[in-house]
Amino acid sequence: DSGVTQTPKHLITATGQRVTLRCSPRSGDLSVYWYQQSLDQGLQFLIHYYNGEERAKGNILERFSAQQFPDLHSELNLSSLELGDSALYFCASSIQGSGYGYTFGSGTRLTVV
Amino acid sequence: ILNVEQSPQSLHVQEGDSTNFTCSFPSSNFYALHWYRWETAKSPEALFVMTLNGDEKKKGRISATLNTKEGYSYLYIKGSQPEDSATYLCAFKDSNTGKLIFGQGTTLQVKP
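Report follows, based on the coordinates. (Residues numbered from 1 in each chain as written. Chains lettered and ligands numbered in written order. Predicted model: local features only at pLDDT ≥ 70, side-chain atom pairs only at ≥ 80, totals over all residues. Heavy atoms only, no water.)

Attention now goes to the pairing of strand β8 (residues 72–77) of chain B. Residue and element names in this part refer to chain B. Of the two faces of β8, the one holding S73, L75 and I77 is buried and the one holding Y72, Y74 and Y76 is not buried anywhere. Here six bridges tie strand β3 (residues 19–24) to β8, and the two strands are oriented antiparallel to one another. Bridge assignment links N20 to a residue of β8, and that residue is Y76. By the bridge criterion, six bridges tie strand β7 (residues 62–67) to β8 in an arrangement that is antiparallel. Bridging across to β8, S63 finds its partner in Y76. A loop of four residues connects β7 with β8, the two strands running antiparallel in sequence, and G71 in this loop sits at a positive phi of about 75°. (Buried < 20%, exposed > 50% of the residue type's maximum accessible area, 1.4 Å probe, protein only. Helix = DSSP H or I, 4+ residues; strand = E, 2+ residues; numbered from the N terminus. Pairing = 2+ DSSP bridges.)

All names here are of chain B. Strand order in the open sheet made by the five strands is β1-β3-β8-β7-β6, with antiparallel pairing throughout. Looking at strand neighbours, the two that pair on one side only are β1 (5–7) and β6 (56–59), the edges of this open sheet. Neighbour-to-neighbour, the strand axes of this sheet turn through a mean angle of 15°, independent of strand direction. (Axes fitted to C-alpha atoms, helices over the stretch in contact; angles between N-to-C directions.)

Following this line, the structure appears as structure tokens:
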């Protein structure tokens, strides 16, 4: 157990629907990052939150949004789902500072049918 | 567009062989270079975070070097074991944006 908790582990939903992925960071980590891994793609950076504030955005679609709550957990909302959104979504957390690696959760496997 | 390139894409070695992989990254806006190990059906685990040109890090049989001026890092595995089989990812942290951008990874298969 890495200390980063992601729920649910698996999600199957239909096109056009909306889903919410949840992440609880490791205790003491203020930064939360979301990554997407599609078939044959590497880890693609989506968004970074630090202590409730958005810090950086990657190639995140307008249909996707995220937030980090006062208790530091984060949610990634995916709407108007398309088949191409099927992917493994990872959340990671870290201590702020250059010398620290990211701790990844076990991911949420999203399948859009 | 930030490009983080890893080579080779995959590697098959025999148990006991030593091996190394390359990570190329932009030589400007350097903040840090990360290496991760990603085993099948698990999540990536941090191996090293390097921040200074000339950094060398070691963990058991695995070591890494960093050249920020020319934009490359090497990961070495000495005496590979079957349990080293995994995908090794490098990631470049940009000082301007703070984004951590991953390469596609090198998949290592060690045969007993």
